[in-house]
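Chain residues, written in single-letter form:
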Amino acid sequence: MIYTGHIYAGPIETWATILSVAATAVAGDVLTAGAMRRIGDLDRIRANSGLGGAVRAVTSSPIFLLGVLSMAASFFSLLFTLSNVELSLAAPASASLTFLGNAFAAKIFLKENVNRRRWMAALFVCAGVFLLTK
Amino acid sequence: MKHTLTPQRYLILLAVMLSASVGDTLLSHGMAQVGPVTLAHLGLLLVALRNPWIITGILCLLGFFASYLTALSWADLTFVLPSTAFGYVVVAFLAKYWQHETITVYRWLGILLIVCGVGFVANGPSLTEHEPQHPPEESTPVAEGATPGGTQ
């Protein structure tokens, strides 16, 4: 079916697809960040083992590969969402939800110290991304 | 211990911001030359891969991913992500001055909010200090007269 400018999704389907984009993006970011934390400082690995060693260290991590898989799932979810939901709603809503979701997930899963300063940053960036699409 | 960044690491964050936004803008410019891709003409995507703007855009995005992973290896996700959001600001400026798009008041306001958000985390610590899971090993006694920290 060729896209003709009509929006086919109802509100539940709209928000379900947007949430799936944000959830898979958050999973990708958190898994990738967790993998990089386990691997350690890439600058130091590159200094010791060269660029090839750094690439091997990253690509041999199953958590990193799972993160990339989640990012790919997020990309295809976004494509699917854009075929049913207007870009002006899908892009800012998924980006904003991803920023907030990352702050929560980083606190819970990565045990990051998400202090008031970082919450404010997440909220400001979230609102800023939303306004950019106006 | 407060983790602050060295100038070299600020350069990596700058690369994260610039490479993503420049890469996206190059892809957009290239795809505008290639034309709309539909399900019936997916072969156009292969044609797009021969466009120099697209090739440069892909190289920029590869550079983004490499610098993003490097940043995540020494900084928190909640520190790196607002920095990457600064790329939206760069995209807005590139859209205005290169692609000659109109930037509305709402967008300028959005840019201001993102700059404020990045400012909130930029001066804070970059990495959360975790308690070590295993107690540190007992330090070996340093011989009298030896230089601590290695040979000098």
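### Digging into the overall build of chain B
Okay, so step 1: Scanning chain B from N- to C-terminus turns up 5 helices and 0 strands.
Okay, so step 2: Reading the secondary structure of chain B in the N-to-C direction produces α-α-α-α-α.
Okay, so step 3: When burial is assessed residue by residue, chain B has 33% of its 152 residues classed as buried.
Okay, so step 4: Considering only residue pairs separated by 6 or more positions, chain B has 76% of its internal contacts joining residues 24 or more positions apart.

### What about the overall build of chain A?
Okay, so step 1: When helices and strands are counted, chain A shows 5 helices and 0 strands.
Okay, so step 2: Scanning chain A from its N terminus toward the C terminus, one meets helices and strands in the order α-α-α-α-α.
Okay, so step 3: A principal-axis box enclosing the C-alpha atoms of chain A has dimensions of 55 × 40 × 25 Å.
Okay, so step 4: Each of the 134 residues in chain A was classed as buried or not, and the buried ones make up 43%.
Okay, so step 5: Taking the contacts inside chain A whose residues are at least 6 apart along the sequence as the reference set, 77% of them involve residues at least 24 apart.

### A word on unusual backbone geometry
All names here are of chain A.
Okay, so step 1: Of note, Lys111 is a non-glycine position whose phi angle comes to about 55°, a positive value.
Okay, so step 2: Position of Lys111 relative to the elements: it lies in the loop between α4 (87–108) and α5 (116–132).
Okay, so step 3: The exposure class of Lys111 is partly exposed, given the 13 C-beta atoms found within 10 Å.

### Some thoughts on the confidence of the model for chain A
Okay, so step 1: On average, residues of chain A carry a pLDDT of 84, and 90% of them reach 70 or more.
Okay, so step 2: No element of chain A has a lower mean pLDDT than α4(A), which averages 82, and none a higher one than helix α1 (residues 11–39) of chain A, which averages 91.

### As for the nonpolar core
Okay, so step 1: With 65 residues, the main nonpolar core has A:Val30, A:Val125, B:Leu72 and B:Ile114 as its most contacted residues.
Okay, so step 2: Among the elements that line this core, the one with the most residues is α1(A), at 11 residues.
Okay, so step 3: Contact partners of A:Val125, with chain neighbours within four places excluded, come to A:Phe99, B:Pro82, B:Ala85, B:Ile114 and B:Gly117.

### Some remarks on the interface of chain A and chain B
Okay, so step 1: Taken together, the contact between chain A and chain B spans 33 residues of the former and 29 residues of the latter.
Okay, so step 2: It is α5(A) that contributes the most residues to the side of chain A that touches chain B, 11 residues altogether.
Okay, so step 3: Of the residues contributing to the side of chain A that touches chain B, the split by class is 20 nonpolar, 5 polar and 8 charged.

### Some thoughts on the packing of α1(A) against helix α3 (residues 62–82) of chain A
All names here are of chain A.
Okay, so step 1: Where α1 meets α3, the axes come as close as 7 Å, and the angle between the chain directions of the two elements is 160°. Here α3 runs roughly antiparallel to α1, going by the angle between their axes. Note that α1 runs across α3; the crossing there is left-handed.
Okay, so step 2: When the residues that make up the contact of α1 with α3 are grouped by side-chain class, the tally is 13 nonpolar, 11 polar and 1 charged.

### Observations concerning the confidence of the model for chain B
Residues and elements named next belong to chain B.
Okay, so step 1: Across chain B, the average pLDDT comes to 75, with 78% of residues at or above 70.
Okay, so step 2: No element of chain B has a lower mean pLDDT than helix α2 (residues 44–48), at 79, and none a higher one than helix α3 (residues 52–72), at 91.
Okay, so step 3: Under a pLDDT of 50 for its full length, residues 136–152 has, in the predicted model, 2 contacts with residues more than four places off or in other chains.
Okay, so step 4: Among the scores for the predicted complex, ipTM is 0.77 and pTM is 0.73.

### Describing the environment of B:Leu81
Okay, so step 1: Position of B:Leu81 relative to the elements: it lies in helix α4 (residues 77–97).
Okay, so step 2: Placed 69 residues apart in sequence, B:Leu81 and B:Ile12 show a C-alpha to C-alpha distance of 13 Å.

### Considerations on the packing of helix α1 (residues 7–34) of chain B against α4(B)
Residue and element names in this part refer to chain B.
Okay, so step 1: Running from N to C, α1 and α4 point in directions that differ by 45°, and their axes come no closer than 8 Å. Put simply, α1 runs oblique to α4. At the point where α1 passes α4, the crossing takes the right-handed sense. Each of Leu13, Val16, Met17, Leu18, Ala20, Ser21, Asp24 and Thr25 in α1 lies in contact with α4, whose residues at this interface are Ser83, Thr84, Phe86, Gly87, Val90, Val91 and Leu94.

### Description of α3(A)
Residues and elements named next belong to chain A.
Okay, so step 1: Over its 21 residues, α3 runs 30 Å from end to end, which matches the ideal 30 Å to within 8%, given 1.5 Å per residue.
Okay, so step 2: When α3 is considered as a whole, its buried residues turn out to be Phe64, Gly67, Ser70, Ser74, Ser77, Leu78 and Thr81. Down the axis of α3, the buried set is contained in an arc of 130°. They therefore lie on one face. With respect to the buried face of α3, the exposed residues turned more than 90 degrees away are Pro62, Ala72, Phe76 and Leu79.

Analysis parameters
Residues numbered from 1 in each chain as written. Chains lettered and ligands numbered in written order. Predicted model: local features only at pLDDT ≥ 70, side-chain atom pairs only at ≥ 80, totals over all residues. Helix = DSSP H or I, 4+ residues; strand = E, 2+ residues; numbered from the N terminus. Buried ≥ 20, exposed ≤ 12 C-beta atoms within 10 Å, placed from the backbone. Contact = placed C-beta atoms within 7 Å. pLDDT = per-residue confidence, 0-100. Core = buried A, V, L, I, M, F, W, Y, C linked by C-beta atoms within 7 Å. Nonpolar A, V, L, I, M, F, W, Y, C, P; charged D, E, K, R; others polar. Axes fitted to C-alpha atoms, helices over the stretch in contact; angles between N-to-C directions. Parallel < 35°, antiparallel > 145°, perpendicular 65-115°, else oblique. Left-handed = near helix turned anticlockwise from the far one by under 90°. Expected span 1.5 Å × (residues − 1). Arc of directions from axis to C-beta.

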